[in-house]
Amino acid sequence: MPMSKRAVAEFFGTFWLVFGGCGSAVLAAGFPAVGIGFAGVALAFGLTVLTMAYAIGHISGCHLNPAVSVGLVAGKRFPASDLLGYVIAQVLGAIAAAGVLYIIASGSASFDVHAGFASNGYGVNSPGGYSVLAGFVSEVVLTAFFLIVIMGATDDRAPKGFAPIAIGLCLTLIHLVGIPVTNLSVNPARSTGPAVFAGGWALQQLWMFWVAPLIGGAIGGVVYNTIFGTKGKVQAALEKEVPVPQPVG
């Protein structure tokens, strides 16, 4: 599959993740009396990945997340030469989704983009008032385990056809844990999209939601490949001179 088509798939997939996940938080979570709450937002994020994994997993691998792409490079599942193209497509997709969501949300007179717009934060901007250290550690640990689940579910030895379900449920689970701490990122693109429109503190604190998930993703990729993996798919493919398979995740 040419890089151009894979990049377009990542753009649309990340658009869907941000629009569906952040859209549920902005439009539905706080709706009086019948809002979906933290659990509903967590499920929405999981469903975006699950549905897109089946839709574009066979095209791009459905990373939708720079931390996932970095983790798969670290775990020898994805060629480093393709990393930049994926990250650019993911970030642009996230910003585009946040832009569409902003247009929709602005249709309500009560909407205030500076109130948060599903942005990630720590300290006074954490839903639960958690410190920068608590936020950093949670983002690293949850991203690392997300990568371990992704690599395990897409391992050649794993049952076939179920990876999107495991990965979607994992994303739901880590949102249930992390939303009170940082509004949960584990995805630099997801954090960047809303922050561009919220501005102010969201942009000032954005650094953590790049640094921590990327560290966590790399740790998860290395841990799985070192402890549980066999020969990396990229290495094996080069030795056999066959196309590198793309993981779903």
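Residues numbered from 1 in each chain as written. Predicted model: local features only at pLDDT ≥ 70, side-chain atom pairs only at ≥ 80, totals over all residues. Heavy atoms only, no water.

**Things to note about the overall build of the protein**
Line of reasoning, step 1. Of the regular secondary structure elements, the protein holds 10 helices and zero strands.
Line of reasoning, step 2. When the helices and strands of the protein are placed in sequence order, the string is α-α-α-α-α-α-α-α-α-α.
Line of reasoning, step 3. In summary, the protein has a C-alpha radius of gyration of 17 Å against a globular reference of 18 Å for 249 residues, a match within 12%.
Line of reasoning, step 4. The C-alpha extent of the protein, read off along each of the three principal axes, is 60 × 35 × 30 Å. (Helix = DSSP H or I, 4+ residues; strand = E, 2+ residues; numbered from the N terminus. Rg over C-alpha atoms; globule rule 2.2 N^0.38 Å.)

**Side note on helix 4 (residues 83–105)**
One turn of an α-helix holds 3.6 residues; hence residues three or four places apart share an orientation.
Line of reasoning, step 1. Across its 23 residues, helix 4 extends 33 Å between first and last C-alpha, which sits within 8% of the 33 Å expected from 1.5 Å per residue.
Line of reasoning, step 2. Within helix 4 the residues assigned to the buried category are Tyr86, Val87, Ala89, Gln90, Val91, Gly93, Ala94, Ala97, Ala98, Gly99, Leu101 and Ala105.
Line of reasoning, step 3. The inward-facing, buried residues of helix 4 contact helix 1 (3–28), helix 2 (37–60), helix 3 (66–74), helix 7 (188–198) and helix 9 (208–228). (Expected span 1.5 Å × (residues − 1). Buried < 20%, exposed > 50% of the residue type's maximum accessible area, 1.4 Å probe, protein only. Contact = heavy atoms within 4.5 Å.)

**A word on the environment of Val181**
Line of reasoning, step 1. With respect to the helices, strands and loops of the structure, Val181 is situated in helix 6 (residues 163–182).
Line of reasoning, step 2. The spatial distance from the C-alpha of Val181 to the C-alpha of Ala134 is 7.4 Å, given a sequence separation of 47 residues.
Line of reasoning, step 3. Apart from the residues lying within four places of it in its own chain, the contact partners of Val181 are Gly121, Ser126, Pro127, Tyr130, Ala134, Gly135 and Ser138.

**Looking at a nonpolar patch on the surface**
Line of reasoning, step 1. On the surface, Val132, Leu133, Val137, Val141, Phe145, Trp207, Val211, Ile215 and Ile219 cluster together into a nonpolar patch covering about 780 Å² of accessible area.
Line of reasoning, step 2. The element contributing the most residues to the nonpolar patch is helix 5 (residues 132–153), with five residues.
Line of reasoning, step 3. Tracing the backbone shows Ile215 in helix 9.
Line of reasoning, step 4. What makes Ile215 partly exposed here is its relative accessible area of 37%. (Patch = residues over 30% accessible without salt bridge, like charges linked within 9 Å, V, L, I, M, F, W, Y side chains within 5 Å. Areas by Shrake-Rupley, 256 points an atom, 1.4 Å probe, with all protein chains shown as cover. Salt bridge = Lys/Arg side-chain N within 4 Å of Asp/Glu carboxyl O.)

**Examining the packing of helix 4 against helix 7**
Line of reasoning, step 1. At their nearest, the axes of helix 4 and helix 7 sit 8 Å apart, and the two run at 40° to each other. In terms of orientation, helix 4 lies oblique with respect to helix 7. Seen from above, helix 4 lies across helix 7 with right-handed handedness. Where helix 4 abuts helix 7, its residues Gln90, Val91, Ala94, Ile95, Ala98, Gly99 and Tyr102 lie against Ala189, Arg190, Thr192, Gly193, Pro194, Val196 and Phe197.
Line of reasoning, step 2. Among the residues forming the contact of helix 4 with helix 7, the class breakdown is nine nonpolar, four polar and one charged. (Axes fitted to C-alpha atoms, helices over the stretch in contact; angles between N-to-C directions. Parallel < 35°, antiparallel > 145°, perpendicular 65-115°, else oblique. Left-handed = near helix turned anticlockwise from the far one by under 90°. Nonpolar A, V, L, I, M, F, W, Y, C, P; charged D, E, K, R; others polar.)

**Notes on the packing of aromatic side chains**
Aromatic ring pairs: the centre-centre distance and the angle between the two ring planes describe each pair.
Line of reasoning, step 1. Under the criterion given, the structure shown has 10 aromatic pairs.
Line of reasoning, step 2. On the basis of an interplanar angle of 65° and a centroid distance of 5.8 Å, the ring pair of Phe111 and Phe117 is categorised as edge-to-face.
Line of reasoning, step 3. According to the relative accessible area criterion, Phe111 is partly exposed, its value standing at 22%.
Line of reasoning, step 4. On the basis of relative accessible area, Phe117 is assigned to the buried category, the value being 5%. (Phe/Tyr/Trp six-rings, centres within 6.5 Å; stacked < 30°, edge-to-face > 60°.)

**Re the confidence of the model for the protein**
Line of reasoning, step 1. For the protein, per-residue confidence averages 92 on the pLDDT scale, and residues scoring 70 or more make up 92% of the total.
Line of reasoning, step 2. Scored below 50 in pLDDT, residues 234–239 shows 12 contacts in the model against residues more than four places distant or in partner chains. (pLDDT = per-residue confidence, 0-100.)

**Section: unusual backbone geometry**
Line of reasoning, step 1. The backbone of Cys62 sits at a positive phi, close to 55°, despite the residue not being glycine.
Line of reasoning, step 2. Take Cys62: it is sitting in the loop between helix 2 and helix 3.
Line of reasoning, step 3. Given a relative accessible area of 1%, Cys62 falls into the buried group.
Line of reasoning, step 4. You will see that Leu64, though not glycine, has its phi angle at about 60°, which is positive.
Line of reasoning, step 5. Tracing the backbone through its elements, the reader meets Leu64 in the loop between helix 2 and helix 3.

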